[in-house]
Every structure is written in C-alpha cells, then in structure tokens.
Amino acid sequence: MRTYKELFELISKHIAETSYGAEPRELYEPINYMMSLGGKRLRPVTTLMACNMFDEEIEKAIPAALAIEMFHNFTLVHDDIMDNAPLRRGKETIYKKWNMPIAILSGDLMMIKATESLCKTETSDIIKLLKKFNDIATKVCEGQQIDMNFESRNDVSHNEYINMISLKTAVLLGGALQIGALIGGANEEDAGHLYEFGKNTGIAFQVQDDILDSFGDAGKTGKKTGGDIAADKKTLLLIELLAAAHKDDKKLLQELMNEIDDDKKITGILQLYHKYKVKEFAEAEKEKYLQLAYRHFNKVNVNADRKSILKQTAEELMSRTS
Ligand code: IPE
Ligand code: IPE
Ligand code: MG
Ligand code: MG
Ligand code: MG
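Residues numbered from 1 in each chain as written. Chains lettered and ligands numbered in written order. Predicted model: local features only at pLDDT ≥ 70, side-chain atom pairs only at ≥ 80, totals over all residues. Heavy atoms only, no water.

## Details of the site of ligand 2
And then number 1: In the region of ligand 2, the neighbouring residues are Thr75, Leu76, Asp79, Asp83, Arg88, Val140, Gln144, Lys168, Thr169, Gln206, Asp209 and Lys223.
And then number 2: In this structure, an oxygen atom belonging to ligand 2 sits 3.3 Å away from a side-chain N or O atom of Gln206.
And then number 3: When ligand 2 is considered free in solution it has 390 Å² of accessible area, and contact with the protein chains removes 90% of it.
And then number 4: Counting residues per element, the ones that place at least two in the shell around ligand 2 are helix H4 (62-82), helix H7 (126-150), helix H8 (158-183) and helix H9 (188-215).
And then number 5: When residues in the shell around ligand 2 are grouped by element, the largest group, 3 residues, is from H4.
And then number 6: Among the residues making up the shell around ligand 2, the classes are represented as 2 nonpolar, 4 polar and 6 charged.
And then number 7: Counting residues domain by domain, the shell around ligand 2 receives three or more from each of domain 1 (1-122) and domain 2 (126-322). (Near = heavy atom within 4 Å. Polar contact = N/O pair within 3.5 Å; in protein donor to acceptor, adjacent residues only side chain to side chain. Areas by Shrake-Rupley, 256 points an atom, 1.4 Å probe, with all protein chains shown as cover. Helix = DSSP H or I, 4+ residues; strand = E, 2+ residues; numbered from the N terminus. Nonpolar A, V, L, I, M, F, W, Y, C, P; charged D, E, K, R; others polar. Domains from an automatic or database assignment.)

In structure tokens:
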C-alpha cells in the first residue's frame, strides 16, 4: 500500500508534467499558475488510495485523479470570484492577479480539460465514469448556488446547511473515492460504501474548513481569515450563534452583520463566537459525521490492512490546519 506522501508525490509529478496549452497565454497562464500552486491534493490522492485498496497497479487511475484535481481547481477559481477572496494557497487569486473575464474563461477550460483527462481512463465503460463525474459536478454547482443564496438569508437551518455543504464539497470527496475504487475493480457495493464514507468525511471536512476560515492561521490556510464572516456566509458557526444568542447579543449580532467595516465586523462576530463556544459545537458536529463515515468504512469488504490508511487520512483531516 502506498502512503499519502508517496501518492502525493506521484500525483504532483503528473500534474507538473501535464501540459494544458500555451497560446493565447492570457488563457493558459492562469491555468498553469493555479495547477502549480499546490494544495493538499487530497482528492486525487484519495482516488489513487481507493484504487490501491483493490489493485496494486494504480497508474490506471492517474487520468481520473488528474481530472478530479483539475475539476476541483476549476471550482476554486470560480469560487474565489463568487466569494470575493483575495488569497488562495497563499497567493493572489486569479481574478485579482489577472481579471474577472480571464478567471471565468480559464476556469471554464479547466473543466473541459478535466473531462478530457477522465476520458483517457482505460476502462470498458467510460460512459459510466463520465456520468458519475457529471452527476457530481452538477451537484457541486447546485451547492455553490445554494451557498450564495444563503448569504442574503438569516433563517438557514442546520439541515439546510448540511445539505448545502454535502453538495458543494462532500460529494466530490465521495466521488473521488468511488471513481478510484471502480477503476481498481471494486464492485458497486464496496464503491458505494466508499462514496458514503467520503461524503460523510467531506461534511466534516467542510465544517473544519468553516472553523479554519474564522479561527485559522492565514499563514497556514493560505486564505484571508474572516472571509466567511465578511461575506455573510451561513456557516455552522453563524447558524449556531444565531440560534444560541440571547436577546441583546442577537441585536448586537444583527448590527454587526450590517457593519460595512469588515475588520470591525469580523472582530465583533468572532467575540460572539468565543462567548457562545460555537467552535466547540462545530467540533462535536465534525465528530458525529466522522462516526457516520466509519459505519460505511467498516462495510467495505477488503482486508483491514488495505484500508487502514484511508481511516488514518480521514482522522488527520479532522485536525488539519491548512
Ligand atoms: C478547498 O479545498 C475548498 C473546499 C471544499 C473547502 P481544499 O482545502 O482541499 O483546498 P486545497 O486543494 O488543499 O488548496
Ligand atoms: C468551496 O467552499 C467549495 C467549492 C469550491 C466547491 P468555500 O468557499 O468554503 O472554499 P474556500 O474556503 O474558499 O476554499
Ligand atoms: Mg465558497
Ligand atoms: Mg470560498
Ligand atoms: Mg471556506
């Protein structure tokens, strides 16, 4: 079994060797920039990991792993426009470094390149893989739009939030595992449990992302701390605060949410987050979804030594700082 580090190095080498194109450079430079910025490479690594659970030959999952990472990077390029984010992986976001039209078009092409790469998979049923991939991509777009719709609402429920993050984030983590497992020769049942394992881990992953956005260290996350608060994102932290705040604090929170000075808004709302211990609440929620994920993990019918690395990866993600 390959380790995370080995798989990370393998996929990083393939990403570096992939040529996306050169001319017109306004279109290709941002793609090369984004793909070379790094990141955790979590999704392609787990695609390879899932393939490796069923097969020693993991090279055959490389085109799909690349496709999933390209798709993920495409969503980030457009997400940064939608979220007004200045920083990504410690560097300027594409729409800031170049401009909005360039970020839109280079993002679009990354999506096209993603399906192109997926189609290079040697399989007897490429239509099946493409269909799964497109189903997931559709859900991510749905989740992203719901996330935007929530910015102007203050009555988002806990369940609505979980549904939104399942769509925008968790299904891709599930899909990365499912696709890798199928390429490795897994049956539908095992691949299905891996999808559910990835999806529930993905929910916990996004809760951790929300925690890091408010409480993380920008030097480690590579993103601007407090961005979610500034953008009125309905994260679990804010939903919990809206539910728990007493009358006077609720009024203060409403005032802070209308504050136009971002720094004042972020500092004020963070104080309320501390007062109502919403981070602790979110940590408990993460644990709940991790346990749900394990139920599916336990049902995957392969030897324990072939799957322990996946559980270890999920555990490490729960306390990630970047
Ligand atoms: C960021 O994903 C977007 C979310 C779904 C939270 P990652 O945290 O995996 O970002 P990179 O790829 O490591 O930069
Ligand atoms: C993004 O969620 C999910 C997708 C890009 C599909 P976020 O907006 O929370 O991701 P970050 O924090 O910008 O990475
Ligand atoms: Mg977003
Ligand atoms: Mg964002
Ligand atoms: Mg975030």
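## Points about H4
A turn of α-helix holds 3.6 residues, and therefore any two residues three or four places apart point the same way.
And then number 1: For H4, built from 21 residues, the straight-helix expectation of 30 Å at 1.5 Å per residue is met to within 8% by its first-to-last C-alpha distance of 30 Å.
And then number 2: Burial within H4 is extensive, with 19 of its 21 residues counted as buried.
And then number 3: Once H4 ends, the next one or two residues include Asn84, with phi positive near 60°. (Expected span 1.5 Å × (residues − 1). Buried < 20%, exposed > 50% of the residue type's maximum accessible area, 1.4 Å probe, protein only.)

## Thoughts on the domain arrangement of the protein
And then number 1: According to the domain assignment, the protein consists of domain 1 (1-122) and domain 2 (126-322).
And then number 2: Contacts between the two partners involve 39 residues from domain 1, matched on the other side by 39 residues from domain 2.
And then number 3: Summed over the shared surface of domain 1 and domain 2, the result is 2 salt bridges.
And then number 4: Between domain 1 and domain 2 we count 10 residue pairs in polar contact (both at pLDDT 80 or more) in total.
And then number 5: Listing elements by their share of the side of domain 1 that touches domain 2, those giving two or more residues are helix H3 (42-54), H4, strand E1 (87-88) and helix H6 (100-118).
And then number 6: For the side of domain 1 that touches domain 2, the leading source of residues is H3, giving 10 residues.
And then number 7: Of the residues assigned to the side of domain 1 that touches domain 2, the class counts are 20 nonpolar, 9 polar and 10 charged. (Contact = heavy atoms within 4.5 Å. Salt bridge = Lys/Arg side-chain N within 4 Å of Asp/Glu carboxyl O.)

## Let's talk about the coordination of the magnesium ion (ligand 3)
And then number 1: Here the magnesium ion (ligand 3) is held by Asp79 (OD) and Asp83 (OD), and the distances to it run 2.1 to 2.2 Å.
And then number 2: Here the magnesium ion (ligand 3) and the magnesium ion (ligand 4) are spaced 3.1 Å apart, and both take Asp79 as a donor. (Donors = N, O, S within 2.8 Å, 3.2 Å for Na, K, Ca; no water.)

## Observations regarding the site of ligand 1
And then number 1: Taken together, Gly39, Lys40, Arg43, His72, Leu76, Arg89, Thr169, Phe205, Gln206, Asp209 and Arg320 are the residues near ligand 1.
And then number 2: Contact between ligand 1 and Lys40: an oxygen atom at 2.7 Å from a side-chain N or O atom of the residue.
And then number 3: Arg89 is positioned with one of its side-chain polar atoms (N or O) 2.8 Å from an oxygen atom of ligand 1.
And then number 4: Computed on the free molecule, ligand 1 has an accessible area of 390 Å², of which 89% lies beneath the protein chains in the complex.
And then number 5: Put simply, the parts of the chain that give the shell around ligand 1 at least two residues each are H4 and H9.

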